[in-house]
2 protein chains.
Amino acid sequence: MIQAHAVRLFVERGYDGTTVNDVAEAAGVSPMTVYRHFPTKEDLVLVDQNGPLVAERIAATPAGQPLVRRIGSALVDSARTLTAGDDRFLLARLRLMISTPALRARHLDNHYVLQQAIVDGLGDEAADPDTAFQAEAAASACLAAMHTALVRWAKDDGRTDLPDLIAKALAAAFGDNTPTGDHAERSAT
Amino acid sequence: MIQAHAVRLFVERGYDGTTVNDVAEAAGVSPMTVYRHFPTKEDLVLVDQNGPLVAERIAATPAGQPLVRRIGSALVDSARTLTAGDDRFLLARLRLMISTPALRARHLDNHYVLQQAIVDGLGDEAADPDTAFQAEAAASACLAAMHTALVRWAKDDGRTDLPDLIAKALAAAFGDNTPTGDHAERSAT
DNA sequence: CCCGACTTGTTAGTGACTACCAGTGCGATA
DNA sequence: TATCGCACTGGTAGTCACTAACAAGTCGGG
């Protein structure tokens with residue numbers, strides 16, 4: 001609820017133009033309460049806890065396929081789940097994250113946590129360090145491609161289908177091996 | 001020179017344990033001067049301007065090859081150039097960047113600039129938005145894989161060959177199409 | 001009725017960062 | 001030589017994110 005007020009104010013006055021005190025006042029609480037629930041101002045926008053969701057999807061993929069394929073399909077599926085509900089709030093947060101340097105940086109850093117969740121979700125094969133390294137490389141590359149899709153999605157104001165965009169980004173990076181699911185040719189041009 | 005003092009102090013007392021005033025005092029200048037040369041404290045560690053270098057290498061690759069191959073070989077080449085000189089300072093800065101959350105975030109954000117440099121370096125093919133999107137996806141994925149290699153390199157205290165590590169990360173992410181150059185099997189286990 | 005856990009609020013800091021203003025060499029011009 | 005910019009440096013005061021320490025309320029269980 002505090003977060004809702006925060007995002008609203010950030011959109012209205014800009015991130016840097018809004019102080020934590022403003023957010024606290026708008027939410028009707030003291031600044032300390034805000035800091036207690038959101039350790040940093042950035043956390044008022046960045047509360048991604050879909051790591052477990054992605055890890056679960058990863059674990060559900062057949063282990064025989066190549067890494068980027070398993071990770072990619074899990075990401076596309078997760079995106080489909082997340083965009084099923086409230087596009088609006090997600091888009092507003094994403095736009096803030098992209099336009100504000102501090103938020104953009106922290107968001108990318110969060111990929112690190114997500115990357116570890118993915119590697120863990122891959123399971124058994126994280127035994128020896130060399131295999132773990134390969135998993136990390138594949139996961140980080142997939143996440144980066146997904147992030148490119150997110151930026152594009154925000155630039156299109158969420159009009160295009162996000163899972164489709166992610167699939168396209170993955171295809172562009174890793175070749176057309178990734179399962180793009182059902183994507184008829186769009187007319188984005 | 002201010003930067004050298006800063007990195008030294010950061011390594012000695014930790015990033016958060018060192019104030020900008022400490023750096024200024026150690027360098028024999030006023031805090032204001034430090035802020036003038038390095039707009040933020042993070043910039044005391046993060047002064048990467050090898051974007052042009054990478055872009056130049058990109059432009060020098062044959063245009064017929066797939067994107068990730070062109071970008072990958074350019075990154076490997078650039079890494080070879082950069083590690084040819086002073087490993088020590090580079091490694092110290094990298095270790096700071098990885099261990100300090102604020103620096104890690106900013107460093108990842110800098111990849112954004114580098115990504116644009118890569119896309120620009122690819123040249124003509126950035127004409128229509130769909131092609132540009134594919135280039136961005138490929139570039140971001142390659143940079144993420146490289147970053148994974150950088151982390152591993154720092155973890156190994158720079159004992160392994162960085163270009164080799166990057167090539168391995170790229171191979172793990174994109175398959176073995178990328179030119180790994182000369183990498184005999186190591187015994188990292 | 002009391003006691004302990006949880007949440008919230010207040011106060012006084014630290015430290016990064018930003019105006020605004022002032023002094024200092026230094027080359028170019030008259 | 002005197003004067004005019006011009007780049008660099010320094011001081012002062014302030015904003016704001018964030019922290020530590022302590023007070024106070026709420027609430028369920030003995």
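Further up the page is the structure itself.
My aim in this report is to walk through the structure given alongside it, one point at a time.

Cut-offs and rules
- Residues numbered from 1 in each chain as written.
- Chains lettered and ligands numbered in written order.
- Predicted model: local features only at pLDDT ≥ 70, side-chain atom pairs only at ≥ 80, totals over all residues.
- Heavy atoms only, no water.
- Helix = DSSP H or I, 4+ residues; strand = E, 2+ residues; numbered from the N terminus.
- Rg over C-alpha atoms; globule rule 2.2 N^0.38 Å.
- Buried < 20%, exposed > 50% of the residue type's maximum accessible area, 1.4 Å probe, protein only.
- Contact = heavy atoms within 4.5 Å.
- Areas by Shrake-Rupley, 256 points an atom, 1.4 Å probe, with all protein chains shown as cover.
- Disulfide = S-S within 2.5 Å.
- Near = heavy atom within 4 Å.
- Polar contact = N/O pair within 3.5 Å; in protein donor to acceptor, adjacent residues only side chain to side chain.
- Nonpolar A, V, L, I, M, F, W, Y, C, P; charged D, E, K, R; others polar.
- Least-squares fit on C-alpha atoms with pLDDT ≥ 70 in both.

1. Digging into the overall build of chain A
Okay, so step 1: The number of helices and strands found in chain A is 9 helices and 0 strands.
Okay, so step 2: Scaling as 2.2 N^0.38, a compact globule of 189 residues should have a C-alpha radius of gyration of about 16 Å, and chain A matches this with 18 Å.
Okay, so step 3: Oriented by its inertia axes, the alpha-carbon framework of chain A measures out at about 55 × 45 × 25 Å.
Okay, so step 4: Each of the 189 residues in chain A was classed as buried or not, and the buried ones make up 51%.
Okay, so step 5: Within chain A, contacts between residues separated by at least 24 positions form 64% of all contacts whose residues are at least 6 apart in sequence.
Okay, so step 6: When the accessible area of chain A is evaluated, it comes to approximately 8,800 Å², of which 53% is carbon and sulfur surface.

2. Things to note about the state of the cysteines
Okay, so step 1: The full count for this structure, using the stated rule, is 0 disulfides over all chains.
Okay, so step 2: Unpaired in terms of disulfides, A:Cys142 finds its nearest cysteine sulfur in B:Cys142, a separation of 12 Å.
Okay, so step 3: You can call A:Cys142 buried: its relative accessible area is 0%.

3. A word on the protein's contact with DNA strand C
Okay, so step 1: In the vicinity of DNA strand C there are 14 residues, among which A:Ser30, A:Met32, A:Thr33, A:Arg36 and B:Lys41 approach most closely.
Okay, so step 2: Each atom of DNA strand C within 4 Å of the protein was assigned to sugar, phosphate or base; sugar and phosphate come to 57%.
Okay, so step 3: One of the backbone nitrogen or oxygen atoms of A:Ser30 is found 3.0 Å away from a phosphate oxygen of DNA strand C.
Okay, so step 4: The contact in question runs from a phosphate oxygen of DNA strand C to an N or O atom on the backbone of B:Val20, over 3.4 Å.
Okay, so step 5: Listed by contribution, the elements that provide at least two residues to the surface near DNA strand C are helix H3 (31–37) of chain A together with helix H3 (31–37) of chain B.
Okay, so step 6: The dominant element in the surface near DNA strand C, judged by the number of residues it contributes, is H3(A), at 4 residues.
Okay, so step 7: For the surface near DNA strand C, the class distribution of residues is 6 nonpolar, 6 polar and 2 charged.

4. Re the relation of the copies chain A and chain B
Okay, so step 1: Once chain A is rotated about the relating axis by 180 degrees and shifted along it by 0.0 Å, it coincides with chain B to within an RMSD of 0.1 Å. Expressed as an axis order, the relation between the two copies is that of a two-fold axis. For chain A, the residue whose C-alpha comes nearest the rotation axis is A:Ala141, separated from it by 2.0 Å.
Okay, so step 2: A symmetric contact is evident, with 100% of the interface residues of chain A recurring at the interface of chain B.

5. Comments concerning the protein's contact with DNA strand D
Okay, so step 1: Inspection of the region around DNA strand D gives 14 residues, with A:Lys41, B:Ser30, B:Thr33, B:Arg36 and B:His37 positioned closest.
Okay, so step 2: Taking all atoms of DNA strand D within 4 Å of the protein, the share assigned to sugar and phosphate is 60%.
Okay, so step 3: Take A:Val20: an N or O atom from its main chain is 3.3 Å from a phosphate oxygen of DNA strand D.
Okay, so step 4: One of the side-chain nitrogen or oxygen atoms of B:Arg36 is found 2.7 Å away from a base nitrogen of DNA strand D.

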